[in-house]
Amino acid sequence: MSAATRLAHPFKGLIVGQVRALFNDAARGETPVQRRPDALFPPNSVAWRVHGDVTAMLVGGIAALLLQMLHPKVLAGVWDHSGFRDDMQGRLRRTARFIAVTTFGAPDNARSILAKVRRIHDNIGGTLPDGTVYRASDPALLAWVHVCEVLSFLNGWIRYGEPGMSRADQDRYVAEMARIAEPLGVDPIPHTRAEAEAIMTAMRPALVVDARTRDVAQVLLNQPAPSLAAGPFQAITLQAGVDLLPRWARTMHGLSQPSVGLPFLRAGTFGVAKTLRWAFRT
């Protein structure tokens, strides 16, 4: 081991420890999901490439949440059935663990968590302020949630991991994600990027921003960092998530995109991504 490697080793350990603490609830005995060759997605899948990058997934996840909450029925499910104000970190952690287990974990564990999420959706419903009834198990509503995640994760990876990603691989990723969509009851299920974008476009007339949307967005974007060390990392990924949004979605939220600072934001986020890849490289 070289002197430079010996000096870098403690720094790597600090970074890895902070990231693992962000995604795993030690109080509940959670440990990092181990990658298995028999997972629902094989090691040569595009999903392993996309979902294995911490920064791209966090940035994409922020964008996905901001998109999803624009649908009043999705927002109602969060508003009526979750303690998002007191546990936004927990909500993000559970989403990240769901992705890790279904992508990299043992097949039985993946199928179990998919079934669990479907049961939860089956029991969530209510009434919007205008009297409209909603059910979280509505296939079209699930399709909205699905395409927001798929396109946001994919766009996050393209921007900060693989800018030259081929359209064929983008389509392959969307098609692979049908393995998650089908057991959850999503309908329609996109199999290409164009199909996913078409679903998003078709849903836009139903999207709204009201006081509740602004409330949830502010809780998400102003959440306290889980630790002092994680503060700068969280701040830049939150800003990068807003930047990743389609322009029309940023406009609906009333969120401005940095102009003079935009190149610095993207360069800084790319730098964070490179640092994390280095830290997790064995």
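Read on for a plain summary of the structure. (Residues numbered from 1 in each chain as written. Predicted model: local features only at pLDDT ≥ 70, side-chain atom pairs only at ≥ 80, totals over all residues. Heavy atoms only, no water.)

## Thoughts on the pattern of salt bridges
To be explicit about the condition: Criterion for a salt bridge: a side-chain nitrogen of Lys or Arg within 4 Å of a carboxyl oxygen of Asp or Glu. By definition, any uninterrupted DSSP run of H or I lasting at least four residues is a helix, any uninterrupted run of E lasting at least two residues is a strand, and each is numbered from the N terminus. Note on classification: 1.4 Å probe, protein chains only; a residue is buried when its accessible area is under 20% of the maximum for its type, exposed when over 50%, partly exposed between these limits.
Evaluation of the coordinates by the stated rule reveals nine salt bridges. Note that R159 is salt-bridged to D243, the shortest N-O span being 2.9 Å. Here the residue R159 occupies a position in helix α7 (residues 139-160), and D243 occupies one in helix α12 (residues 231-244), the gap between them amounting to 84 residues. For D243, a relative accessible area of 2% corresponds to the buried category. Linked through salt bridges whose partners overlap, the residues forming this network are R49, E162 and D169.

## So, the packing of helix α3 (residues 54-68) against α12
Cut-off, in case you're wondering: Interaxial angles span 0 to 180 degrees and are taken between N-to-C directions of axes, which are lines fitted to C-alpha atoms, for helices over the stretch in contact. In what follows, roughly perpendicular refers to angles from 65 to 115 degrees, roughly parallel to angles under 35, roughly antiparallel to angles over 145, and oblique to any angle outside these ranges. Each crossing gets its hand from how the near helix is turned against the far one by less than a right angle, where anticlockwise is left-handed and clockwise is right-handed. Any two residues whose heavy atoms approach within 4.5 Å at even a single point are treated as in contact.
Packing of α3 against α12 leaves a shortest axis separation of 8 Å and a crossing angle of 55°. Taken together, α3 and α12 sit at an angle that is classed as oblique. Handedness of the crossing formed by α3 with α12: right-handed. Contacts between α3 and α12 involve V54, T55, L58, V59, G60, I62, A63 and L66 from the former and F233, T237, L238, A240, G241, V242 and L244 from the latter.

## Comments concerning the environment of V208
Looking at the element boundaries, V208 is found in the loop between α10 (193-203) and α11 (211-221). In the structure, V208 is positioned 139 residues away from M69 in sequence and 8.9 Å away in space, judged by C-alpha atoms. The residues touching V208, leaving out its near neighbours within four places in the chain, are L70, P72, T213 and M252.

## Notes on α11
Applicable threshold: The term polar contact refers here to a pair of N or O atoms within 3.5 Å; inside protein, the definition further demands a hydrogen-donor-capable atom paired with an acceptor-capable atom, and it admits residues adjacent in sequence only when both atoms are side-chain atoms.
Listed as buried for α11 are R212, T213, V216, A217, V219, L220 and L221. Tucked inside the fold, the buried residues of α11 contact α3, α4 (72-81), α5 (88-104), α12 and α13 (247-253). For α11, the side-chain oxygen to backbone nitrogen distance between the N-cap and R212 is 3.0 Å, and the N-cap itself is D210.

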